Amino acid sequence: MASLEIDGVSKRYGDNLILDGVSVDVPDGAFLTLVGPSGCGKSTLLRILAGLELQDAGSLRIGGHEVSHLRPSRRDIAMVFQSYALYPHMTVAQNIAIPLILRRLPLWQRLPLMARLLPQARSTLARIDAEVQAAMEMLGLTSLAERRPVQLSGGQRQRVALGRALVRQPAVFLLDEPLSNLDAKLRVHMRSEIAQLHGRLGTTFVYVTHDQIEAMTMSTHVAVMMEGRLLQVATPSEIYADPADLRVAEFIGSPKINVLPARVGADGTLTGVGLPVSGSVAAAPGTAVQLGLRPEHLILRRGGGRGTVSAIEDTGPERFVSLVLDASDAPVVARVAPDHCAGLRVGDDVSLAVLPGKALVFDHAGARLGFDHPAMTPGEFDHVR
Amino acid sequence: MSGGHRLGRLARAVRLVVLTIGAAVMLAPFIWGLAASFKPAAEIWSGSLRLLPESFHGWENYTAAFNRAPLGRFLVNGVIVCGGILIFQLIFAIPCAYALSKHRFAGRTVIFGAVLIGLLIPIHVTAIPLYLGFARLGLLNTYAALIAPFAISVFGIFLFRQFFAAIPDDLIAAARVDGFSEWAIIWRVVVPASWPAITAFAIFSVTSHWNDLFWPFIVIQSTDLAPPALGVVYFRRDESGVDFGPMMAATVIVTAPLVVAFLLAQRRFIDGITLSGVKG
Ligand SMILES: Nc1ncnc2c1ncn2[C@@H]1O[C@H](COP(=O)(O)OP(=O)(O)O)[C@@H](O)[C@H]1O
Ligand SMILES: [Mg+2]
């Protein structure tokens, strides 16, 4: 168990700057998820943490100790790979035992005959065997102990890879998209299994994924990464409700956040949006800004002539209503409970309002701007929610 | 539907016939040699194309073969030389191929280029410089002269590099995290995943050196050190006139170990050529 501090890590491959001064600290026992689109450098950062690549600049501390100069096997980390990377010629039990054997038996005691002759080696092996059995039991692998990886399903291989990592009892677990090769149903199942495993072990986890749902559901800390930079590190709910950057707001949340162009008016109010947004922006009048509105923060009203319904998607528990605002021609999606839009059809005339305090304002480059909003008047929205 | 089926069968029959003819052409000299090893000299020279001997002379030919030349010695030499060559080739080629396929280092492309160039240079080009070198070192007419020139096989390096490239990088990374040293990764992770390639290479190597006449002919004078192919040549030279019956018997004895070894390793050999069977 250990805290993890990553400080100003940069990495280049040739002329490409893959990581650009990445810094993040998480406390002992955290579940840190690195999330971002493919190719943004997540795996590279994880491999640097593991010691499989060397950073060009920056430092790494595990439990307060600098580890940059240490070999992977000396860093007290264990890693689970996307492709599982099991040893094809070893059984499940051997795959899980190997990191312990390599750590605890000196080379000469690992020779086949030695292990049988030396009482000391024999007792070490017996202890390792007990730990491997415990790990296999925990992961439901006991009946598969003698199989080879080719004889296992994807989910079973995944478990073996987890087992090989957890017998080590490392200070930090590193997982690189461990669920991306599983089918959708198994993925949901393994998601909760890994989250439970984290709860039970209490070890620091660093989990890489491009899937925002995994990031939001499993983590204590989410780090959103794009083009080699960390845009924001925060709890899942903060990332969602209080994004520091428009790209974070756009990456997290499905359907995607609506982005509307707007301008700051004389008294800081927003103008040119095509729907009323109360509040004042901390920016000079006349500044062009971008207004971010989550689909579930929009209130749809029939009539009023502000927009036209262009499509309706019914997912069962809720409906996604796409509409085009008359004022800006911008497409907007609202997330509505079926009861509130029964009988609504494509082509209907609607108007929109924003739940007070939910609008997010960003400058032209995407940085978040302060936005003061008046307190909600009681009863104002009773007729819609 | 049934017409297509019949066409498929016809195509298969044609393929079978062509392959059979090809195989027969390739095998004919061996079969003729095998048949001759059971015939008396008069029958071999009779000019008729009979396969089976009229009078069975096998016992005489084979005992003559063993009596007139140290065939056993030739076979032992073959095992020593081919085994020695193969062991050194594996010891050098496997780590080299591993470095070329899984490590990034300055000069990697240049070294691989050198390997490719090495593939193009036949032994006949280097034979004379090598001969002079061994002569200077006083190593002519030794096992070392038979083994050393082949201890590093660029073909082996090339074959293994291609095979190792297909081993997932993650597997190597996992081994490093688990605590394998680089040498242990080679011998305990990469090699066990590469048996098909190693078997294929072993067969190529052993066959070519078992049958090699060119190099032993240059560096070996003593019968005691002659590998099988050279031994058969001595056998012929030592006799006044050519006695084909016993000579064919000797050839059969010398070839048999290879045929048996190939049949035993056949499956892995074919796996290795198609470079499959590594993903797990
Ligand atoms: N060994 C390498 N050599 C050159 N470029 C690399 C190497 N590894 C990764 N890259 C590049 O670095 C970028 C980030 O890769 P990666 O960290 O794997 O992204 P992610 O895991 O976020 O999808 C990619 O553009 C990739 O092409
Ligand atoms: Mg990746």
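No experiment lies behind these values; they were computed from the predicted model shown.

The rules we used
Residues numbered from 1 in each chain as written. Chains lettered and ligands numbered in written order. Predicted model: local features only at pLDDT ≥ 70, side-chain atom pairs only at ≥ 80, totals over all residues. Heavy atoms only, no water. Contact = heavy atoms within 4.5 Å. Buried area = accessible area lost by both parts, 1.4 Å probe. Salt bridge = Lys/Arg side-chain N within 4 Å of Asp/Glu carboxyl O. Polar contact = N/O pair within 3.5 Å; in protein donor to acceptor, adjacent residues only side chain to side chain. Helix = DSSP H or I, 4+ residues; strand = E, 2+ residues; numbered from the N terminus. Nonpolar A, V, L, I, M, F, W, Y, C, P; charged D, E, K, R; others polar. Near = heavy atom within 4 Å. Buried < 20%, exposed > 50% of the residue type's maximum accessible area, 1.4 Å probe, protein only. Pairing = 2+ DSSP bridges. Axes fitted to C-alpha atoms, helices over the stretch in contact; angles between N-to-C directions. Parallel < 35°, antiparallel > 145°, perpendicular 65-115°, else oblique. Left-handed = near helix turned anticlockwise from the far one by under 90°. UniProt positions renumbered as here; feature names shortened; annotations may be inferred.

(A) Quick peek at the interface of chain A and chain B. Taken together, the 27 residues of chain A in the interface contact 18 residues of chain B. Approximately 1800 Å² of surface area, both sides summed, lies buried where chain A meets chain B, with 62% of it carried by carbon and sulfur atoms. In terms of surface lost to chain B, no three residues of chain A exceed Y87, H89 and L102 of chain A, which account for 28% of the buried area on that side. Linking chain A with chain B are two salt bridges. The salt bridge partner of R104 of chain B is E53 of chain A, with a shortest N-O separation of 3.3 Å. Along the contact surface separating chain A from chain B lie six residue pairs in polar contact (both at pLDDT 80 or more). Looking at the side of chain A that touches chain B, the elements with two or more residues in it are β6 (77-80), α2 (92-104) and α5 (154-166) of chain A. With four residues, the top contributor of residues to the side of chain A that touches chain B is α2 of chain A. The residue makeup of the side of chain A that touches chain B, split by class, is 16 nonpolar, four polar and seven charged.

(B) Structural context of the site of ligand 1. For ligand 1, the full set of nearby residues is Y13, I18, S38, G39, C40, G41, K42, S43 and T44 of chain A together with R104 of chain B. In this structure, ligand 1 is bordered by residues of chains A and B. Contact between ligand 1 and G39 of chain A: an oxygen atom at 2.6 Å from a main-chain N or O atom of the residue. Residues belonging to the shell around ligand 1 are distributed by class as follows: three nonpolar, five polar and two charged.

(C) The arrangement of the pairing of strand β3 (residues 31-35) of chain A in detail. All names here are of chain A. Burial analysis of β3 places five of its five residues in the buried class, which makes it a mostly covered element. A two-sided burial pattern is seen for β3, the buried positions comprising F31, T33 and V35 on one face and L32 and L34 on the other. As defined by bridge partners, β3 adjoins strand β8 (residues 204-209) across five bridges and the pair is classed as parallel. Note that in β8 the partner of F31 across the bridge is F205. The pairing of β3 with strand β9 (residues 221-226) spans four bridges and is parallel. Directly across from L34, in β9, lies its bridge partner A223.

(D) Molecular detail of the packing of helix α4 (residues 71-102) of chain B against helix α8 (residues 154-165) of chain B. All names here are of chain B. One can describe the packing of α4 onto α8 by two numbers: an axis separation of 8 Å at closest approach and a directional angle of 45 degrees. Classified by the angle their axes make, α4 and α8 are oblique. As α4 runs across α8, the sense of the crossing is right-handed. Between α4 and α8, the contacting residues are L90, A93, I94, C96, A97, Y98, L100, S101 and K102 on the first element and G156, I157, F160, R161, F164 and A165 on the second. Per-class residue counts for the contact of α4 with α8 are 11 nonpolar, two polar and two charged.

(E) Focus on the side chain of H297 of chain A. Residue and element names in this part refer to chain A. On the secondary structure map, H297 appears in the loop between β14 (288-293) and β15 (298-314). Accessibility expressed as a relative area gives 14% for H297, which makes it buried. Every residue in contact with H297, bar those within four places of it in the chain, is listed here: A353, V354, L355 and K358.

(F) Representation of the UniProt feature "domain: ABC transporter" (unreviewed entry) in chain A in the model. According to UniProt, the feature "domain: ABC transporter" (unreviewed entry) maps to residues 4-252 of chain A in the numbering used here. Taken end to end, residues 4-252 of chain A is 39% helix and 24% strand, and its first and last C-alpha atoms sit 24 Å apart.

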